[in-house]
Amino acid sequence: ACIARGYTGDAALIPEPFDERILIGHVGVLWVRAVIRGYAGHALGASRMVNAIDKTVQYHGWLRCLEREWNARKHPAFADHEHPLNFNPGVIQGGVWPSSVPSEVTLLTRFAFYPDTTPDEAKEQFLDFMRARMQEDHWFREHPIEFTWYGHHDHGYVIPKDDPFVQQVARAHTDVTGRSPQYLVT
């Protein structure tokens, strides 16, 4: 709202609930919508159909594989975190009737990437990985997953503890609480 009204500044203080810790680093975040299609019909012929939910389970496995790969890269600012990059399938929609093989599933996922990667680079790495997996699967080669980027499109960041704004916030914290601040990278 401030930026929309023309106000600018060198920094912003956002009072998120981090237990009085100063957040000095955060992963980048993207939201992706994946539409996975199947071949629908009555459950009587399910063995001849392609269940979109089953194909979504396959895609979910690929998400977890990519998540492990990206976490294995490690980033110095997140060295104390066992698993800093989380891929969260948060919304799933699909199917209309228990006796019908579903034709389509939509899965909405929030995923994270390290600050040394831009959102566009993260999207391209994600898509390259998924395209390679889809090429290995007969159904997905002919019926690729549709990906749409929406919502969050956030860069990650790391701010040094000696940054003047961080130091000012740290001094204010100490003045008010009588304690030295703790820092957080998440």
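Scroll up to find the structure.
Numbering of residues starts from 1 in each chain and follows the order in which that chain's sequence is written. Predicted model: local features are reported for residues with pLDDT of at least 70 only, side-chain atom pairs are reported and counted for 80 or more only, and whole-chain, interface and lining totals are derived from all residues. To get the side-chain values, all heavy atoms of the structure are used, and hydrogens and water are removed first.

Visitor: I'm lost on the pairing of strand β1 (residues 21-26) in this one. Help?
Guide: Put simply, side chains in a regular strand alternate between the two faces of the sheet. When DSSP locates at least two bridges between a pair of strands, those strands are taken to pair. Helix numbers and strand numbers start at the N terminus; a helix is a DSSP run of H or I with at least 4 residues, a strand a run of E with at least 2. In terms of strand pairing, β1 meets strand β9 (residues 182-185) through four bridges, oriented parallel. Across the sheet, R21 pairs through a bridge with Q182, a residue of β9. Here β1 runs beside strand β8 (residues 157-158); their pairing, made up of two bridges, is antiparallel. Its bridge partner being in β8, G25 is matched across the sheet by V158.

Visitor: What's the story with the sheet that holds β8 in this structure? I'm lost.
Guide: Working definition: the strands of a sheet are paired by backbone hydrogen bonds and lie parallel or antiparallel to each other. A sheet is described by the order of its strands in space; here three strands give the open sequence β8-β1-β9, paired in mixed fashion. At either margin of the open sheet sits one strand with a lone partner, and together these are β8 and β9. Contacting β1 and β9, helix α4 (residues 164-177) crosses the sheet at an angle of about 160° to β1. By definition, residues are in contact when any of their heavy atoms lie within 4.5 Å. Only the stretch in contact is used when fitting a helix axis, every axis being a line fitted to C-alpha atoms; angles between N-to-C directions are given from 0 to 180 degrees.

Visitor: Can you walk me through the pattern of salt bridges in this structure?
Guide: Should the charged atoms of two oppositely charged side chains come close, the side chains can pair. Salt bridge, as applied in this entry: a Lys or Arg side-chain nitrogen positioned within 4 Å of an Asp or Glu carboxyl oxygen. By the definition in use, this model includes ten salt bridges. Salt-bridge contacts for D137 lead to K55; the nearest nitrogen and oxygen are separated by 3.1 Å. Taken together, the residues D137 in the loop between α2 (119-135) and α3 (138-142) and K55 in helix α1 (residues 52-72) connect sequence positions 82 residues apart. Judged by relative accessible area, which is 13%, D137 ranks as buried. Judged by its relative accessible area of 11%, K55 is buried. In this structure, K123 and D120 form a salt bridge, with 3.4 Å as the shortest nitrogen-oxygen distance. Here the residue K123 and the residue D120 both occupy positions in helix α2, the gap between them amounting to three residues, near one helical turn. Linked by salt bridges that have partners in common, R37, E104 and E146 make up one network. Only protein chains enter the accessibility calculation, which uses a 1.4 Å probe; a residue is then buried when its area is under 20% of its type maximum, exposed when over 50%, and partly exposed in between.

Visitor: Is there a simple way to think about the environment of E124 in this case?
Guide: In this structure, E124 sits in helix α2. What makes E124 partly exposed here is its relative accessible area of 38%.

Visitor: What's the story with the side chain of H173 in this structure? I'm lost.
Guide: Checked against the element boundaries, H173 lands in helix α4. What H173 contacts, discounting residues up to four positions off in sequence, is E20, G178, R179, S180 and P181.

Visitor: Please clarify how the sheet that holds strand β7 (residues 146-154) should be interpreted in this entry.
Guide: Here four strands make up an open sheet; going across it, the order is β4-β6-β2-β7 and the pairing antiparallel. With one partner strand each, in any of the chains shown, β4 (87-94) and β7 form the two edges of the open sheet. For this sheet the average axis-to-axis angle between neighbouring strands, irrespective of direction, equals 15°. Along the sheet, α2 makes contact with β2 (28-37), β6 (104-113) and β7, crossing β7 at roughly 155°.

Purely spatial values, then, with no claim about function.
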